[in-house]
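# Chain and residue survey
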Amino acid sequence: MNVGRPRVLSADGDDSTAPLVVGLPAATSVSAPVVFASPHSGRIYPQPMMDAARIGRHTIRQSEDAFVDVLIDGAPTAGIATIAARFARAYLDVNRGPWELDPEMFADELPAYARSDSARVAAGLGVIPRTVGSDQNIYARKLTFAE
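The text that follows walks through the structure, step by step, so that each part is easy to find. Along every chain, residues carry numbers that run from 1 in the direction the sequence is written. In keeping with the model being predicted, local features are shown solely for residues with a pLDDT of at least 70 and side-chain atom pairs are shown and tallied solely at 80 or more, while totals for entire chains, interfaces and linings include all residues. To obtain the side-chain values, all non-hydrogen atoms of the structure were used and water was disregarded.

Moving on to the pattern of salt bridges. In the sections that follow, a salt bridge refers to a side-chain nitrogen of Lys or Arg positioned within 4 Å of a carboxyl oxygen of Asp or Glu. Across all of its chains, the model carries seven salt bridges by this definition. Notably, a salt bridge pairs Asp-65 with Arg-89, separated by 3.8 Å at the nearest N-O pair. Separated by 24 residues along the polypeptide, Asp-65 in the loop between α2 (57–60) and α3 (68–72) and Arg-89 in the loop between β4 (81–85) and α4 (119–122) bring together distant segments of the chain. For Arg-96, the salt bridge identified is with Asp-93, shortest N-O distance 3.6 Å. Judged by relative accessible area, which is 15%, Arg-96 ranks as buried. Through salt bridges with shared partners, one network takes in Asp-65, Arg-89, Asp-93 and Arg-96. Under the scheme used here, helices are H or I runs from DSSP no shorter than 4 residues and strands are E runs no shorter than 2 residues, and both carry numbers assigned from the N terminus. Think of it in three bands: residues with accessible area under 20% of the maximum for their type are buried, residues over 50% are exposed, and the middle band is partly exposed, with areas taken using a 1.4 Å probe on protein chains only.

Here's what the structure looks like:
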């Protein structure tokens, strides 16, 4: 383990596809009962998402908390653990429930267990966001549930 430096976590060992970066304080560091999280500063926009998008990357990036991951990158050297998502918030918002899906953005019927009645979903900000910025739709077409 890369203690004291951010570590990219992936299930298959391929760091280029890892969804998260975790920074752990060195064993010799003073550790604090704090974790700095950066769930919305990821800059990975999967190609299938961009292929289905109706707006460009620059516009989609309005939903990022840009460079917060860079801001907290050195925290492990001060004894503070970090975790940062590498994928874009507009692709998947990890601060939502897994079934907070917007039925308006899907071509097919969503399963009954999909929670689609929250205020966030109504605003286009479900776990798979429908909009960015000033209510600009991300996708040019409706997605399928399988996607």
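Having seen it, we continue.
Aromatic rings from Phe, Tyr and Trp, taking only the six-membered ring of Trp, are treated as a pair when their centres fall within 6.5 Å; an angle between ring planes under 30 degrees marks them as stacked, one over 60 as edge-to-face, and anything in between as tilted. All chains considered together, the criterion is met by two aromatic pairs. Here the aromatic rings of Trp-99 and Tyr-113 are separated by 4.8 Å at their centres, their planes lie at 75°, and the arrangement is edge-to-face. Placement of Trp-99 in the loop between β4 and α4 and of Tyr-113 in the loop between β4 and α4 is noted, with a sequence separation of 14 residues between them. Judged by relative accessible area, Trp-99 falls into the partly exposed class, the value being 35%. Through successive ring pairs, a cluster of aromatic residues spans Trp-99, Tyr-113 and Phe-145.

Okay, the nonpolar core next. Joining through side-chain atoms within 4.5 Å is the link that ties buried Ala, Val, Leu, Ile, Met, Phe, Trp, Tyr and Cys residues into a set, and such a set is a nonpolar core. Counting 19 residues, the largest nonpolar core has Tyr-45, Met-49, Ile-60, Ala-90, Ile-138 and Tyr-139 as the members making the most contacts within it. The greatest single-element share of this core, amounting to three residues, is contributed by helix α1 (residues 47–52).

Two faces, one strand: in a regular strand the side chains alternate between the faces of the sheet. Counted residue by residue, β4 has four buried out of five residues, so it is predominantly covered. As judged from the four bridges shared by strand β3 (residues 35–38) and β4, these two strands associate in the parallel manner. Across the sheet, Ser-38 pairs through a bridge with Ala-84, a residue of β4. A strand pair is defined by DSSP finding two or more bridges across the two strands.

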